[in-house]
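Residue-level structural notes
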Amino acid sequence: MELEDDFDVLDPERLIQCPYNKHHRIRACRFPYHLVKCRKSYPEVAKELATCPFNARHLVPQADLSDHIMKCDDKGFIEQDIVNQSSGFQREQMNAVSTWQAPPCDEDWETVPVPPLNKRIACLQEYVPLRPCHTPYHGKAVSTMHVLLAL
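Here is a short report on the structure shown in this document. As the structure is a computational prediction, the values presented were derived from the model and not from experiment.

1. Focus: the overall build of the protein chain
- When helices and strands are tallied, the protein chain shows seven helices and four strands.
- Going from N to C terminus, the protein chain has its helices and strands arranged as β-β-α-α-β-β-α-α-α-α-α.
- Residue burial in the protein chain is summarised as follows: out of 151 residues, 22% are buried.
- Within the protein chain, contacts between residues separated by at least 24 positions form 17% of all contacts whose residues are at least 6 apart in sequence.
- Split by element, the accessible area of the protein chain, about 12300 Å² in all, is 57% carbon and sulfur.

Structure below.
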């Protein structure tokens, strides 16, 4: 299905053959988007293909799915994840104590002067158009401005 060598598996520019149309060769970085597009364009072919449970980019004929599952290279990644989870490897990493500290902050928002309400309204009116809001606010249709000011 995929036209790739072992040395360039991670290369996002490598070309991969489309399972829906053998004439399509797509860059690896665009392949998932292409699959969605071609699935819609070729619904009859899509019915005949099955998706690998280990990698959604692997689309194989339904009759070959069990064989593909036995040989899929990505199966090892999933199996390793299962082993790691059962051994508590990930839980230990999550429980590790972080040594990160927030940098010092010179700002004191309590001492910043707040402009009077009428200046704040004028500022909002400049950026928020007054138009009816489709969502009722306390049972009434009100302007977007009034909803913002009430928050």
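Structure's up, so let's keep going.
2. Regarding the pattern of salt bridges
- Under the defined criterion, the tally for this structure stands at three salt bridges.
- In this structure, Glu-44 and Lys-47 form a salt bridge, with 3.5 Å as the shortest nitrogen-oxygen distance. Pair noted here: Glu-44 and Lys-47 are both in helix H2 (residues 43–48), with a separation of three residues, about one helical turn.
- Given the relative accessible area of 52%, Glu-44 is considered exposed.

3. Section: the side chain of His-68
- Within the secondary structure, His-68 is located in helix H3 (residues 65–71).
- Residue His-68 is classed as buried on the basis of its relative accessible area of 18%.
- Residues in contact with His-68, not counting those within four places in the same chain, are Cys-52, His-58 and Val-60.

4. A closer look at helix H1 (residues 31–41)
- Every buried residue of H1 is accounted for by Phe-31, His-34, Leu-35 and Cys-38. Projection of H1 onto a plane perpendicular to its axis shows the buried side chains occupying an angular sector of 105°, all on one side. Exposed positions of H1 whose direction lies more than 90 degrees from the buried face are Tyr-33, Lys-37 and Lys-40.

5. So, the side chain of His-34
- Within the secondary structure, His-34 sits in helix H1.
- The contacts of His-34, once residues within four sequence positions are left out, are Cys-18, His-24 and Ile-26.

Rules used throughout
Residues numbered from 1 in each chain as written. Predicted model: local features only at pLDDT ≥ 70, side-chain atom pairs only at ≥ 80, totals over all residues. Heavy atoms only, no water. Helix = DSSP H or I, 4+ residues; strand = E, 2+ residues; numbered from the N terminus. Buried < 20%, exposed > 50% of the residue type's maximum accessible area, 1.4 Å probe, protein only. Contact = heavy atoms within 4.5 Å. Areas by Shrake-Rupley, 256 points an atom, 1.4 Å probe, with all protein chains shown as cover. Salt bridge = Lys/Arg side-chain N within 4 Å of Asp/Glu carboxyl O. Arc of directions from axis to C-beta.

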